[in-house]
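Breakdown of the fold
The lines below spell out each chain.
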Amino acid sequence: MAKQKNAVIMAHYYQRPEVQEVADFIGDSLALAQKAAKTDADIIVLCGVHFMAETAKILCPDKKVLIPDVNAGCSLADSCKAADLKAWKDAHPGYKVISYVNTSADVKALTDIVVTSSNALKIVQSIPADQPVLFGPDHNLGHYISQMTGRKMAIWDGACHVHSRFSVEALIALKREHPDAPVLAHPECKQTILTLSDVIGSTQALLNYVKSHPDTRKFIIATETGVLHEMQKACPEALFLPVPPEVTEGESLAPDQHIGCMCNECEYMRMVTLEKLYNCLLNESPEVNVEPAVAKQAIIPIQRMLDLS
Ligand code: 13P
Ligand code: SF4
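One structure accompanies this document, and this report is about it. (Residues numbered from 1 in each chain as written. Chains lettered and ligands numbered in written order. Predicted model: local features only at pLDDT ≥ 70, side-chain atom pairs only at ≥ 80, totals over all residues. Heavy atoms only, no water.)

**Observations concerning the pattern of salt bridges**
For the record, the criterion: One speaks of a salt bridge when a side-chain nitrogen belonging to Lys or Arg is within 4 Å of a carboxyl oxygen belonging to Asp or Glu. Strands here are runs of E lasting at least two residues and helices are runs of H or I lasting at least four, both read from the DSSP assignment and numbered beginning at the N terminus. We call a residue buried when its accessible area falls under 20% of the maximum for its residue type, exposed when it is over 50%, and partly exposed in between, using a 1.4 Å probe and counting protein chains only.
Tallied over the full model, the rule gives ten salt bridges. Put simply, Lys276 and Asp69 hold a salt bridge, and the shortest N to O gap is 2.7 Å. Pair noted here: Lys276 is in helix 13 (residues 274–283) and Asp69 is in the loop between strand 4 (64–66) and helix 4 (75–78), with a separation of 207 residues, a long-range link. The partner of Arg270 in a salt bridge is Glu224, and the shortest N-O contact between them spans 2.8 Å. On the criterion of sequence distance, the pair formed by Arg270 in the loop between strand 12 (239–242) and helix 13 and Glu224 in the loop between strand 11 (218–222) and helix 12 (228–234) is long-range, its members being 46 residues apart. Comparing Arg270 with Glu224, the two get one shared label, buried.

**As for the packing of helix 2 (residues 29–38) against helix 3 (residues 50–59)**
We apply this condition: Helix axes use the C-alpha atoms of the stretch in contact, all axes being lines fitted to C-alpha atoms, and the angles between their N-to-C directions lie in the range 0 to 180 degrees. These descriptions rest on fixed angle ranges, namely under 35 degrees for roughly parallel, over 145 for roughly antiparallel, 65 to 115 for roughly perpendicular, and the rest for oblique. Take the far helix as the reference: if the near one is turned anticlockwise from it by less than a right angle, the crossing is left-handed, and if turned clockwise, right-handed. It only takes one pair of heavy atoms within 4.5 Å for two residues to be counted as in contact. Lys, Arg, Asp and Glu make up the charged group, whereas Ala, Val, Leu, Ile, Met, Phe, Trp, Tyr, Cys and Pro make up the nonpolar group; the residues left over, Gly among them, are polar.
Contact pair helix 2 / helix 3: the axes reach a minimum separation of 9 Å and the direction vectors enclose 30 degrees. On the basis of the axis angle, helix 2 is roughly parallel to helix 3. In the packing of helix 2 onto helix 3, the handedness of the crossing is right-handed. Side by side, helix 2 and helix 3 meet where Ser29, Leu32, Ala33, Ala36 and Ala37 of the first sit next to Met52, Thr55, Ala56 and Leu59 of the second. Tallied by class, residues from the contact of helix 2 with helix 3 come to seven nonpolar, two polar and no charged.

**Observations regarding the site of ligand 2**
For clarity, the threshold we go by: Nearness is defined per residue: one heavy atom within 4 Å of the molecule or strand is enough.
Taken together, Tyr14, Val49, Cys74, Ser75, Asn102, Cys160, His161, Glu188, Cys266 and Met269 make up the full set of residues near ligand 2. Its residues assigned to classes, the shell around ligand 2 comprises six nonpolar, three polar and one charged.

**Here's the deal with the sheet that holds strand 5 (residues 96–100)**
Just so we agree on the cut-off: Pairs of strands are assigned from DSSP output, requiring at least two bridges between the strands.
In spatial order, the strands read 6-5-7-8; together these four strands make up an open sheet with parallel pairing. Looking along the sheet, the strands with just one partner apiece sit at the ends: strand 6 (113–115) and strand 8 (154–155).

**Regarding the site of ligand 1**
Keep this limit in mind: Counting of polar contacts relies on pairs of N or O atoms within 3.5 Å, with two restrictions inside protein: one atom must be capable of donating a hydrogen and the other of accepting it, and residues adjacent in sequence are counted only when both atoms are side-chain atoms.
The immediate surroundings of ligand 1 are formed by His12, Tyr14, Asp28, Ser29, Tyr100, Asn102, Ser117, His163, His186, Glu188, Ser202 and Thr203. With respect to ligand 1, the side chain of Asn102 contributes an N or O atom lying 3.2 Å from an oxygen atom. Within the side chain of His186, an N or O atom sits 2.9 Å from an oxygen atom of ligand 1. Here the residues of the shell around ligand 1 are counted per class, giving two nonpolar, eight polar and two charged.

**Considering unusual backbone geometry**
Following Gly136, the chain continues into Pro137 via a peptide bond in cis, with omega recorded as -5 degrees. On the secondary structure map, Pro137 appears in the loop between strand 7 (133–136) and helix 8 (139–149). Pro286 follows Ser285 through a cis peptide bond whose omega is 0 degrees. Relative to the elements of secondary structure, Pro286 occurs in the loop between helix 13 and helix 14 (292–308). Despite not being glycine, Asn6 shows a phi value in the positive range, around 50 degrees. Structurally, Asn6 is set in the segment before strand 1 (7–12). Overall, Asn6 belongs to the partly exposed group, its relative accessible area being 33%.

**As for a nonpolar patch on the surface**
To be explicit about the condition: Residues enter patches when they are more than 30% accessible in relative terms and free of salt bridges; like-charged ones are connected within 9 Å and nonpolar ones (Val, Leu, Ile, Met, Phe, Trp, Tyr) within 5 Å. Using the Shrake-Rupley algorithm and a 1.4 Å probe, accessible areas are obtained, with residue cover drawn only from the displayed protein chains.
On the surface, a nonpolar cluster with roughly 280 Å² of combined accessible area is contributed by Met1, Tyr278 and Leu282. Among the secondary structure elements, Met1 is positioned in the segment before strand 1.

**Remarks on the environment of Gly73**
Structurally, the position occupied by Gly73 is in the loop between strand 4 and helix 4. The exposure class assigned to Gly73 is buried, which follows from its relative accessible area of 19%. Each C-alpha atom of the pair Gly73 and Val49 lies 5.4 Å from the other, and the pair is 24 residues apart in sequence. Beyond its immediate chain neighbours, meaning those up to four positions away, Gly73 contacts Val49 and Tyr268.

Here it is in structure tokens:
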């Protein structure tokens, strides 16, 4: 059906394995934006979360952009509303606004440069050192970039509910039990997790690390577990040990759950199922649209990012 309709199915690495398997292209948020910008398909089906589909629509205003579940949001994107960003910006005249791609189109429209976890370091480094910066909405990523570049930035206090919840105690225990396993972490993790990690990078960078270490037999992974599907395909013999989340008081595990598989799945990403994907393509709905006036502003910082990547 996708071929008949000249549709391209794009999926983020955090999608369910069966959705990744039918996708024409799998990537991290930067790769999905780059691919959308270049596609000659008539329809883009974005198997991911809403901001990813919005970004594709902003880049391809003449194409039909579909998302299998329109309720697939993002806790991080939701932590930064455009009105609040506008007030922050107004309180900091002369500052450049750097926004993570995990933001709504309205927030991107108020932004100077968009970044993803793949290029945030390089893009912040490209900004003159005396230029004050507002960075948002991910506090952990902002803090990591600030440490790596040695530059002070005003950082928004947002976080991803999946990445900020990994248990430090559980990671220490895993390291003790598997001292030969490198720890791979996404920069959205809190600083204590990053300090205990050997490799810090975007989803694509972590996958590339696994691919370039075919002789390593064990890896400890502190990111959303959807990426384990591609990691396991790349290194079928290796053991991937996901860092479990903290379990807060009063929370309990379902009978068939063990702590290692709880909560390090993004429930928004997992809203997309094969059935919803099929129906979405069949009915060409739900469609994602962005108000043209917002899109006209939002494309500027996205294009700056693509030019600098
Ligand atoms: P990437 O930039 O690594 O794709 O991350 C996207 C995301 O949503 C992380 O939680
Ligand atoms: Fe958003 Fe976190 Fe889910 Fe990524 S994993 S889409 S940042 S809620």
